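Structure assessment
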Amino acid sequence: MTYCIVKRIEAPERSDTLLCSFLVEPVSPVISHRCVSSEVCFSRCKDQSACFKMRPVSLKRPVLALAVIGVFFYAGTFLKSGYEHMDTKTDTPRMSRSSSDLEASINNLYKVIRAFEQKQDVMQKMLEEGNSRARKSAEVELPPVKKQPEQKEQPKEQIQEVKEAPIEKKSHKVFPDSALFKDWGENLSEDDQKEAQGLFQSYGYNVFLSDRLPLDRALPDTRDPRCVNKRYPKDLPNLGVVLIYLNEALSIIKRALRSILDRTPQNLLKEIILVDDNSSNENLKGDLDLYVKSLEQQNPSLRIIRVRHNEQRGLAYARASGWRAATADVVAILDAHIEVHDMWAEPLLTQIKADRTVVVSPVFDRVNFDDLKVIQYLPAAHAFDWALWCMYEGFTPEYYKLNDSSLPGKSPSVMGILVADRKFLGEIGVLDEGMKVYGGENVELGIRVWTCGGSIEVVPCSKIAHIERYHKPYLPDLSPAMKRNALRVAEIWMDEYKHNINLAWNLPFENHGIDIGDITERKKLRERLNCKPFKWYLENVYPKLDPWDNLLAYGGMKNLDADMCLDQGPVPGHTPIAYNCYYYGPQFTYYRANGELYIGGIKSHKYNDNRCLTDIGSKEPEPGLFNCKEAMQKGMGIYWEFSQGKEMKNRQTKRCLEITKGKLVIQECSGQRWEIQNIIKAF
């Protein structure tokens, strides 16, 4: 049989919460349960699940007090009865027997009390341990945030209770191989882990945590200290902010909006344009609409415009949609998974006020995809390789001679987030809306701005925190879209260097079979703007990019006699091998006019070294694969005489690269023939 003892307590969730203690006979410990009403508690308790957030009921003192009263009452009754018997009849044996009965009864009562007391000890220990487990399972790992003014100090009794709670073991990891839980989430319950992992798979960042962070959380000031003392003109142009999103988490968009409103001066912020590239998430419709309406009520002078695509059009088109909806002097085109820092807008607007043809970008601090902490990034130029993938690299040497990292620096491109004079951006063609899905549109803009009369700057005193996704929401593999967009950029803007894109993607120069769309209008735009040639861009804007102008051939290198291909072999390692031909990355080779032969890839930038095929010398039969500069310093032979369908002979040692019994060797020439996949120039 199960009985309930009820005590009314104070709890943060409900002021009328009842604590029920189920005494389960004969040996089960007492279980504490939070009840909505006393009716549940006084019924027979079928559900004995524990809810360990309340303090245990202390029953020892009342029970002991009742027991003592009972003993005295029993003893008094006995003595009265004994005296009555003595008055009527003196009966010594009976007196002795009654005394023995009393002693036995008291002993039995004492045993009952001790047993109940021990059971209460077990109950209290169980409740304290359960209380600790509940607290730990409810913990969510949060980065430091600004303390909210409405929070009250925790009562001293609760603080003491936390200190006394026993230390629990960490929760079992349900997804030990998930990137989300590598450095985060140790204290989550299994149910919370499952929820967090499901959201992470959908969004590529920690939505579970984002939903629990304040929308106005504080950000660390990561600017150069010299930025704090800078002063900006008061008559700056007004600003329209465009936020692009596709199936973004609702709390992420809300936090972006909140940061823009809180950290942009009202006299500068004219409008916010939300561009939805056909999201399917329901909460980005009704729930977001309600939030936007609340912001409009709080900010009646601010324009908030919603743009929704009826089909997914890609980043370039979405950004152009936002530009078309804008009316402000300056337009800032941002991702929606950002938070702006204090004083982010004024440094950017100051640069544009001084020169309307400059396109500027803030410095992005990284927001980790797992714990959402902000990691400082130092100012750097926005660059790219020949596949048009984005990357960071240093500013020019002249910039660093100024010894002031708070100053704007010239950049060959933008990462995608940009701020520009709205009319000037329109004059030079906004963005190429023929770009599909994702990638390449930022490089296209950078080349067009520089060659058609403008410039690009990164402004260190403007900071934006940007979430670095673990994966993108557009496609599981972005390479096909990126490859197609890169070929489109090359055909419009790169003149005689356009085939470097084919080289980077290992595509044939002709008939690559990829549809890049209609480029007629973009070519006409280039002519109308009288833009400079791409060679000028390489020489004056981006001289760090290797022009690859002396490449003669590329692709797989096959030995026609052994029917095997040259392969870079194990990495790390310095020994190339012969292997069955499959014409993929480790078998990509590049032959230059100076005789260098690279295996396994070619670097896009002059400051990076390639891996040269070498004849190590000293009668060593195995070839080597070393960084070209290192090989030259060690006196290795890195230059090769080669003609299509002929032998491969080292210029320095006069020995040949051959395959004997399936093994790649350097030996006296026997006339073995080699053939490379793609010829660029006759040699």
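The notes below deal with the structure included here.

Cut-offs used in this document
- Residues numbered from 1 in each chain as written.
- Predicted model: local features only at pLDDT ≥ 70, side-chain atom pairs only at ≥ 80, totals over all residues.
- Heavy atoms only, no water.
- Patch = residues over 30% accessible without salt bridge, like charges linked within 9 Å, V, L, I, M, F, W, Y side chains within 5 Å.
- Areas by Shrake-Rupley, 256 points an atom, 1.4 Å probe, with all protein chains shown as cover.
- Salt bridge = Lys/Arg side-chain N within 4 Å of Asp/Glu carboxyl O.
- Helix = DSSP H or I, 4+ residues; strand = E, 2+ residues; numbered from the N terminus.
- Contact = heavy atoms within 4.5 Å.
- Disulfide = S-S within 2.5 Å.
- Buried < 20%, exposed > 50% of the residue type's maximum accessible area, 1.4 Å probe, protein only.

Considerations on a nonpolar patch on the surface
On the surface, a cluster of nonpolar side chains totalling about 360 Å² of accessible area is made up of Y579, Y582 and Y584. Counting through the fold element by element, Y579 comes out in strand β18 (residues 577–579).

Topic: the side chain of R526
With respect to the secondary-structure elements, R526 resides in helix α17 (residues 520–528). Once you skip the residues sitting within four places of it in the chain, R526 turns out to touch I492, W493, D495, C531, K532, P533 and F534.

Some points on the state of the cysteines
Working definition of a disulfide: a covalent bond connecting the sulfur atoms of two cysteines. Under the definition given, this model contains five disulfides. Each disulfide pairs two cysteine sulfurs, and for C612 the partner residue is C628, the sulfurs being separated by 2.0 Å. When the S-S torsion is 90°, as for the bridge of C612 with C628, the disulfide is right-handed. Within this pair, whereas C612 is found in strand β21 (residues 611–614), its partner C628 is found in helix α19 (residues 628–633), the two being separated by 16 residues in sequence. Residue C628 is classed as buried on the basis of its relative accessible area, which comes to 5%. Two residues, C656 and C669, share a disulfide whose sulfurs are 1.9 Å apart. Note on the C656 and C669 pair: the S-S dihedral is about 85°, so by sign convention the disulfide is right-handed. Here C669 lies in the loop between β26 (663–667) and β27 (674–679) and C656 lies in strand β25 (residues 656–660), a separation of 13 residues in the sequence. Residue classification places C656 among the buried positions, given a relative accessible area of 1%.

Examining the pattern of salt bridges
For the coordinates displayed, the defined rule picks out 35 salt bridges. Here E339 makes a salt bridge to R217, at a shortest N to O gap of 2.9 Å. Residue E339 is located in strand β8 (residues 338–340), and its partner R217 is located in the loop between α6 (207–210) and α7 (225–228); the two are separated by 122 residues in the primary sequence. In this pair, the class of E339 matches that of R217, namely buried. Salt-bridge contacts for R448 lead to E444; the nearest nitrogen and oxygen are separated by 2.9 Å. Of this pair, R448 and E444 are both found in helix α14 (residues 441–451), four residues apart, which corresponds to roughly one turn of the helix.

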